[in-house]
Amino acid sequence: MKNCRLSLLTLVFALLSISWAEAQYGYGNGSRYGRQRSGLPRGPEPQQEEAKPLTAEEIVAEQMPQIMEVVPLNAFEEAVVSSILTKYVQQSIELRILGLEADKMREGMEKIRINQKAELEAGLPADKFAALMDLQENGFKKAKQKNKKKKKGKKPKD
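Small disclaimer: the values here were computed from a predicted structure and weren't measured.

**Thoughts on the overall build of the chain**
Helix and strand content of the chain: 6 helices and 0 strands. Ordered by position from N to C terminus, the α and β elements of the chain give α-α-α-α-α-α. The 158 residues of the chain split such that 21% are buried. For the chain, long-range pairs separated by at least 24 residues make up 56% of all intrachain contacts whose partners lie at least 6 apart in sequence.

**As for the pattern of salt bridges**
For the structure on display, the rule yields 4 salt bridges. For the salt bridge of Glu110 with Arg113, the shortest nitrogen-to-oxygen distance reads 2.8 Å. Of this pair, Glu110 and Arg113 both sit in helix 4 (residues 102–123), separated by 3 residues, roughly a single helical turn. Its relative accessible area of 46% is what places Arg113 among the partly exposed residues.

**Brief notes about the environment of Ser82**
Tracing the chain through its elements places Ser82 in helix 3 (residues 75–98). Taking the C-alpha atoms as reference, Ser82 lies 9.3 Å from Gln63; in sequence the two are 19 residues apart.

**So, the packing of helix 3 against helix 4**
Interhelical geometry of helix 3 versus helix 4 gives an angle of 175° and a closest axis separation of 10 Å. Considering their axes alone, helix 3 and helix 4 lie roughly antiparallel with respect to each other. Across from Val80, Val81, Ile84, Leu85, Lys87, Tyr88, Gln91, Ser92, Leu95 and Arg96 in helix 3, the residues of helix 4 making contact are Met105, Gly108, Met109, Ile112, Asn115, Gln116, Glu119, Leu120 and Gly123. Class assignment of the residues belonging to the contact of helix 3 with helix 4 gives a composition of 10 nonpolar, 6 polar and 3 charged.

**A look at the packing of helix 2 (residues 56–70) against helix 3**
Two elements in contact, helix 2 and helix 3, have axes separated by 9 Å at closest approach and are oriented at 135°. Comparing their axes, helix 3 and helix 2 come out oblique. The crossing of helix 2 and helix 3 is right-handed. Residues Ala56, Glu57, Ile59, Val60, Met64, Ile67 and Met68 of helix 2 form the contact with helix 3, whose own contacting residues are Glu78, Val81, Ser82, Leu85, Thr86, Val89, Gln90 and Ile93.

**What to know about helix 5 (residues 126–138)**
Three- or four-residue spacings in an α-helix give side chains the same orientation, since the helix completes a turn every 3.6 residues. The end-to-end C-alpha separation of helix 5 is 18 Å, in line with the 18 Å expected for 13 residues at 1.5 Å each. Trailing helix 5 by a residue or two, Gly139 shows a phi angle of about 90°, which is positive.

Cut-offs used in this document
Residues numbered from 1 in each chain as written. Predicted model: local features only at pLDDT ≥ 70, side-chain atom pairs only at ≥ 80, totals over all residues. Heavy atoms only, no water. Helix = DSSP H or I, 4+ residues; strand = E, 2+ residues; numbered from the N terminus. Buried < 20%, exposed > 50% of the residue type's maximum accessible area, 1.4 Å probe, protein only. Contact = heavy atoms within 4.5 Å. Salt bridge = Lys/Arg side-chain N within 4 Å of Asp/Glu carboxyl O. Axes fitted to C-alpha atoms, helices over the stretch in contact; angles between N-to-C directions. Parallel < 35°, antiparallel > 145°, perpendicular 65-115°, else oblique. Nonpolar A, V, L, I, M, F, W, Y, C, P; charged D, E, K, R; others polar. Left-handed = near helix turned anticlockwise from the far one by under 90°. Expected span 1.5 Å × (residues − 1).

The quantities given are spatial measurements derived from coordinates; they are silent on function.
Pasting the structure below:
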């Protein structure tokens with residue numbers, strides 16, 4: 001009889017201590033994986049706006065400061081370069097929108113590059129045109145590095 005009471009008392013104590021320990025460690029309401037979710041329904045999540053593709057003017061406006069750092073242009077030359085680049089960037093955007101086959105897309109982009117090069121050559125002096133073509137072919141970062149090296153390599157005149 002005593003053994004029966006003792007085992008019953010031990011069993012009750014064990015059950016009570018388990019629920020007490022679970023409450024102490026933050027697993028309340030019988031959940032083993034943390035806090036229970038609310039029974040209230042949520043409203044719709046605010047949707048983040050997708051990044052709108054940049055227009056030709058915005059693309060050229062972002063590139064112009066980098067071009068001006070490498071190629072010294074006056075206000076007129078800057079306007080000429082900006083308008084020519086905007087025109088041909090717009091054409092390349094339109095070509096991408098069409099979604100042509102790879103060969104036709106390549107031919108179209110090549111024609112755009114040739115026409116852009118011809119207009120820039122006609123609108124700029126030879127040295128500035130060459131610097132701009134070097135900038136476009138080699139990329140902006142490489143041209144910036146070359147420009148910085150040239151500035152550091154010059155010796156001051158006495």
